[in-house]
Structure formats: C-alpha cells, structure tokens
Amino acid sequence: MKPKISLLITDLDNTLYDWVGSFVPAFYAMIDDTVARWSLPRDVLLDDIRTVHQRHGSSEHPFALGEAQCVRDLFADLSEEELKQQLDPAFHAFNKARKTNLQLYPGVHETLEAVTAMGVPIVAYTDARAVNGADRIEKLGINPFITRLYAPAQRLLPADLGGDREGFVTLLPPEDRKPNPKTLRDICEQLDIDHRKSLYLGDSLVRDVSMANSANVVSAWARYGVAVDPTLWAQLVRVTHWTEADVEREKELREDAELDREPDLTLDKLSDLFEMVDFRPAA
C-alpha cells in the first residue's frame, strides 16, 4: 500500500537542481578572470580561498575572493568598497556562469507544481546557508511552491531575506547540521502534520536518508542527485571548507548510518513520487 503523504520536506542542493554543476563552473569562471586580469598565482589564490572557506565554515561564503590573502596584499591600499569595485568583473563572471548552469533537474518544476495543487505543503530543509538557499529558490522560480525554508543562520543576513513573505525563512542555529532527526521532527510539529505522513527527500544516504529513518519520517532517496561530474567534484574538493575534523566527522557519520540508511523509496527522477506515494492534504 502506498504511504499517504501530507507534507513533503525536501533538500535543495543536488536534489532539486545540480548544485555542483552550477556552483563549480561559476566559481572557476571567477578564478580564471581574477588570475588573467591580475596575474595572480592560481594555486596560491585557490589555497587562500580555501582558507577563507574553512574560516567561515562554508564553500559559498559571499565575497570570499575579497578575503583571499593574496588579493588583500595586492590591493592593500584600497577601501572595502574600492576593492569590491576592482573585483566586480570577476563577480560578474561568476554570476554569468551560474545563470547559465543553474537549472532544475528535469520534471522538478512540474512535480512541485502538481504537489502544491494537491494541497500538500512543500518545505525545504538544507544545510546551505539561509541566504544562499533563499537566493536559489528565487532564481529557479520555485518560490511559489516552497511554503517555508529551514536553513542555518550566519552572521550577516540581508534585510529582505525571503522578500515580502513574512515567516518564509526559519533560521536554525549556525551549528545545526544534518543528520539531525530532531530538526526534522520539529518541522513536522511546527506544520502540525503527523511525522508518519511526512516524507523527506534528499540525495545523501548518510545525511538525508538515515536522518529521515531515525525521525520515523518516510525517506526518499534522490538517486539521480549523486550523478556528479568527477572533474567538477575534484575542483570543488580543491577549495572545500571541510577541515580534517569535518572529514573525520563524515567518516563517523557513514559508520553510524551503515545500518539505517536503506531508503523507503528510491527515485530516478522526482516525478517517480507519484507512482510511490498517495499525496493528500492533512485532515
């Protein structure tokens, strides 16, 4: 019998869209412009930016380029505003490449639209910083379908985060990271929907599926999201914010999740959900 689902909770990156395929080309377009324009040593620049990412705990720290030590040394006499002006062509290269590559996986828009039309709320829960998650939801045109975004806070947030949708963003503590079954159960409680009638969708067996299983929420594995270009992955790892402690934590998570990462549902495309579950509004 198909499970009856009254709440769809979904991851964002590599679940609704190819984050690696959009971020990495954009990041290296920025790097290429900077290296060509200012003749900076490429490896030194990449090392410096990785240090910035690790300091902030995010590979998407805004304006990380401007905090790279070799860039700071080059423009030591400039104010912060003048530095941003100098780096504007590199930021433009990033935005241009991201606009080209940031796309939903096939059928995602139609699936989210159909689930919404059925009266079932869709909530996003992501490890991505709130400002990054909200920005991508907006740029991808799926904000009409996402009821609420749960994401970690960071030190600086724009005043218009979430636009005019009051209460759209629920900020989690900065240290809140998946797998956190309690956060998943809290989401169900806050939307007043039985966790047993809620479904969590994500691309990671360790961080998403094992978390949903521990929370006693229907787990759906977005298997299509793990098909990452190995070249792009290697480029991402080159500048990742992960420290050795993070790598060790990931190893421990994999070991802990070994017995609890079998998904209830496995999807090769998002629309497979319609064959596997019965979407219906909460009574």
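As a reminder, the structure under discussion sits directly above these lines.
Below is a short write-up of the structure. This one's a predicted model, so the numbers in the text were calculated from it and none came from an experiment.

Looking now at the pairing of strand β7 (residues 218-222). Counting buried positions along β7 gives five out of five residues, so the element sits mostly inside the fold. Summarising the sheet, strand β6 (residues 198-202) and β7 pair through four bridges and their orientation is parallel. When the sheet's bridge partners are listed, L199 is paired in β7 with V218. Assessed by its sense of winding, the connection that carries the chain from β6 through helix α9 (residues 205-214) to β7 is right-handed. Pairing of β7 with strand β8 (residues 265-267) involves three bridges; the strand directions are parallel. Its bridge partner lying in β8, A222 is registered against L267.

Counted by the stated rule, this structure contains nine aromatic pairs. When the ring of W19 is compared with that of F23, the centres are 5.0 Å apart and the planes differ by 10°; the resulting orientation is stacked. Placement of both W19 and F23 in helix α1 (residues 19-38) is noted, with a separation of four residues, approximately one turn of the helix. Note on F23: relative accessible area 6%, which makes it buried. Following the ring pairs from residue to residue traces out a cluster consisting of W19, F23, F27, Y28 and F94. Between K84 and the ring centre of F63, over which it is positioned, the NZ or CZ distance is 4.5 Å.

On to the environment of S204, then. For S204, the position within the fold is in the loop between β6 and α9. Sequence separation between S204 and D11 is 193 residues; the distance between their C-alpha atoms is 9.4 Å. In this structure, S204 is in contact with V209 and W221, ignoring residues within four places of it in sequence. A polar side-chain atom of S204 sits 2.9 Å from the main-chain amide nitrogen of R207.

Glancing now at the pairing of strand β4 (residues 148-152). In terms of residue burial, β4 counts as a mostly covered element, since four of its five residues are buried. In the sheet, strand β3 (residues 122-125) pairs with β4 via three bridges, with the strands oriented parallel. Among the inter-strand pairings, Y125 is bridged to a residue of β4, identified as Y150. Between the parallel elements β3 and β4, the chain passes through helix α7 (residues 130-139) in a crossover that is right-handed. In this sheet, strand β5 (residues 169-172) lies alongside β4 in parallel orientation, the contact comprising four bridges. Each residue of the ladder has a partner; that of A151, found in β5, is L171.

Another point: unusual backbone geometry. At the junction of K178 and P179, the peptide bond is cis and its omega measures out at 0° in the coordinates. Mapped onto the secondary structure, P179 falls in the loop between β5 and α8 (181-190). Even without a glycine there, the phi angle at S39 is positive, about 55°. Counting through the fold element by element, S39 comes out in the loop between α1 and α2 (42-56). Under the relative-accessibility criterion, S39 is labelled exposed at 65%.

Moving on to the sheet that holds β8. Taken together, seven strands build an open sheet; the order of strands is β5-β4-β3-β2-β6-β7-β8 and the sheet is parallel. Looking at strand neighbours, the two that pair on one side only are β5 and β8, the edges of this open sheet. Each strand of the sheet is rotated relative to its neighbour by a mean of 20°, with strand direction disregarded. When strand β2 (residues 7-10) meets β3, the two strands line up parallel, connected through three bridges. Each residue of the ladder has a partner; that of T10, found in β3, is A124. Where α9 meets the sheet, it contacts β3, β6 and β7, and its direction lies at approximately 165° from that of β7.

The rules behind these values
- Residues numbered from 1 in each chain as written.
- Predicted model: local features only at pLDDT ≥ 70, side-chain atom pairs only at ≥ 80, totals over all residues.
- Heavy atoms only, no water.
- Buried < 20%, exposed > 50% of the residue type's maximum accessible area, 1.4 Å probe, protein only.
- Helix = DSSP H or I, 4+ residues; strand = E, 2+ residues; numbered from the N terminus.
- Pairing = 2+ DSSP bridges.
- Right-handed = clockwise from strand over helix to strand, strands pointing away.
- Phe/Tyr/Trp six-rings, centres within 6.5 Å; stacked < 30°, edge-to-face > 60°.
- Lys NZ or Arg CZ within 6 Å of the ring centre and 35° of its normal.
- Contact = heavy atoms within 4.5 Å.
- Polar contact = N/O pair within 3.5 Å; in protein donor to acceptor, adjacent residues only side chain to side chain.
- Axes fitted to C-alpha atoms, helices over the stretch in contact; angles between N-to-C directions.

The quantities given are spatial measurements derived from coordinates; they are silent on function.
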